[in-house]
Amino acid sequence: MNRQFVILILFFISCNEPNEHTEPPYSQVNIPWSTILNSPWPVENHDFQNTNRSQYAGPKSTPTLEIYDINLGRYTPFTLDNSGNVYFSRASNLFRVNTNDISVDTLYDIPNPSWSYPSTLILENNLALFFHWNGWIYFYDYINDTLSHSVQIDDNIWASSIVDLNNEIWVPCDNKLVKISMAGTEILTLEIPNIMGGGISPDGETVYFSNSDYLYAIHNETGEILNTYSGRIHTHPTISNEGNLFVIDRNDTSFTSLDSELNILWKYSYGQKGGQYLPAEPGAIDYNGNYYTTGSIQDVQYLLSIGFKGELNWEVEVNHSIYAGPVIDINNNIYVTGRGRTSDDGWGGYLSCYNDGGILQWKVELDYYYFNLAIIIMPNGSIIISNREDFHVVG
């Protein structure tokens, strides 16, 4: 047997050997962010890239359900520290719920009550930041259990804020976008009204905010508007490790991918599945780089998986509406919540789990259907979900 023939045989053998360490070409990792607490869910949508991707596994089979009536009366998304404490606010109070015994602590009675919609941010510097519609921001020291300080911005605050790697805060308001220091000192202001949501690039150099007319790419240090994309984008952008953005554009009823300079990479048309109910919350990107979003035709709701290059992987009909954005666990399972018909032909809430192939793994019926805020997956595999009144632990 000559030498060339032996080399050829070895070449074909090596080509046919499976590579156990091959990763998907667009695999994703959770990006460390030094200014927010490294907890299960420190900010809305898990991180400032709005991935809605947890680092923990959820229940493997149909879970049990425990319901606690604690009269939340809240509209703000939950955020969670490393001790199992959930933080949120409502018109006149700042609250913390201990998930170990479901005890509720009133942290602070607000002297100037107003509605609260944005997420609380739990930071690495021992501060939890609460935002209220009337422009007040409360900096609560969660280690020493005391209000550190508060500041007021002369505008209304609707959407959740972003803390950059310099510990400076981008605050979206009704009539402008403001950047302030932790002390509350104004650093810069941009006259961009009616901001719906925002995100920040993985390297921290560019922030993205949108309103009903444009998505803006803004230099984080200088505030210079670098680029714009013309579209009606009402949700936070989801941002991949590569810096690509995934958004829902209501102008053409499409799911759109943009590069970091807001050039169009591709569009996936919802078609009829957009219906009149395009998602009001961002989707989620899994660890393989697939994106999950929802759409509806009248009363029929769909969960869609879209590949990194814009191809439709699958779509499944979900037998309940989906109010909150989907959440991904470490095993790429997808969790969605919403309203549907119950076994007695009434209306109730549901939490459903699908695998990354679109196969339903389990579904649990909840006692009430108003679940418009994303779930949190706990380190022990249980799930926290709530409506305006009750606190649910699923696991």
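What you are looking at is a predicted structure, and each value in this text was computed from that prediction instead of being measured. (Residues numbered from 1 in each chain as written. Predicted model: local features only at pLDDT ≥ 70, side-chain atom pairs only at ≥ 80, totals over all residues. Heavy atoms only, no water.)

Some thoughts on the packing of aromatic side chains
Here is step 1: On inspection of all chains with the given rule, the structure shows 18 aromatic pairs.
Here is step 2: A centroid spacing of 5.9 Å and a plane angle of 45 degrees characterise the contact between Tyr292 and Trp314, whose relative ring orientation is tilted. Here Tyr292 is found in strand β23 (residues 291-297), whereas its partner Trp314 is found in strand β25 (residues 312-318), with 22 residues between them in sequence. When sorted by exposure, Tyr292 lands in the same class as Trp314, which is buried.
Here is step 3: Three or more aromatic residues link up through ring pairs in this structure, and these residues are Tyr26, Phe246, Phe255, Trp266, Tyr291 and Phe308.
Here is step 4: Over the aromatic face of Tyr287 sits the side chain of Arg53, whose NZ or CZ is 5.0 Å from the ring centroid.
Here is step 5: Geometry around Tyr350 places Lys363 over its ring, the cationic atom sitting 4.9 Å from the centre. (Phe/Tyr/Trp six-rings, centres within 6.5 Å; stacked < 30°, edge-to-face > 60°. Helix = DSSP H or I, 4+ residues; strand = E, 2+ residues; numbered from the N terminus. Buried < 20%, exposed > 50% of the residue type's maximum accessible area, 1.4 Å probe, protein only. Lys NZ or Arg CZ within 6 Å of the ring centre and 35° of its normal.)

As for the sheet that holds strand β17 (residues 225-230)
The pairing of strands in a sheet happens through backbone hydrogen bonds and is either parallel or antiparallel.
Here is step 1: Ordered in space as β14-β15-β16-β17, the four strands form an open sheet in which the pairing is antiparallel. Edge positions in the sheet fall to β14 (197-200) and β17, since each has one partner strand and no second. Neighbour to neighbour, the strand axes of the sheet diverge by 15 degrees on average, direction disregarded. (Pairing = 2+ DSSP bridges. Axes fitted to C-alpha atoms, helices over the stretch in contact; angles between N-to-C directions.)

Some thoughts on the nonpolar core
Here is step 1: With 33 residues, the main nonpolar core has Phe48, Leu129, Ile137, Ile169, Trp170, Val171 and Ile218 as its most contacted residues.
Here is step 2: Looking at this core, the elements with two or more residues in it are β7 (127-131), β8 (136-141), β10 (162-163), β11 (169-172), β12 (177-180), β13 (186-190), β15 (206-210) and β16 (214-219).
Here is step 3: Contacts of Ile169, omitting those with residues within four sequence positions, involve Leu129, Phe131, Phe139, Ser161, Ile162, Val163, Val178, Lys179, Ile180, Ser181 and Met182.
Here is step 4: If you look at the next biggest cluster of nonpolar residues, it comprises 25 residues, including Trp41, Phe88, Met378 and Val393. (Core = buried A, V, L, I, M, F, W, Y, C linked by side-chain atoms within 4.5 Å. Contact = heavy atoms within 4.5 Å.)

Comments concerning unusual backbone geometry
Here is step 1: Although it is not a glycine, Asn126 sits at a positive phi angle of roughly 75 degrees.
Here is step 2: On the basis of relative accessible area, Asn126 is assigned to the partly exposed category, the value being 32%.

Concerning the sheet that holds strand β2 (residues 79-80)
Here is step 1: Spatially, the four strands line up as an open sheet ordered β2-β3-β4-β5, and their pairing is antiparallel. One side of each edge strand has no neighbouring strand; the edge strands of this open sheet are β2 and β5 (103-109).
Here is step 2: Where strand β3 (residues 85-90) lies against strand β4 (residues 93-98), six bridges are found, and the strand directions are antiparallel. Its bridge partner being in β4, Asn85 is matched across the sheet by Asn98.

Observations concerning the confidence of the model for the protein chain
Here is step 1: Confidence in the prediction for the protein chain averages 86 pLDDT; 88% of positions are at 70 or higher.
Here is step 2: Within the model, pLDDT remains below 50 along residues 1-19, and this stretch shows two contacts once partners closer than five positions in the same chain are excluded. (pLDDT = per-residue confidence, 0-100.)

Topic: the pairing of β13
Here is step 1: Note: β12 against β13, four bridges, orientation antiparallel. Directly across from Val178, in β13, lies its bridge partner Thr189.
Here is step 2: The hairpin turn running from β12 into β13, its antiparallel successor, is five residues long, and Gly184 in that turn takes a positive phi close to 95 degrees.

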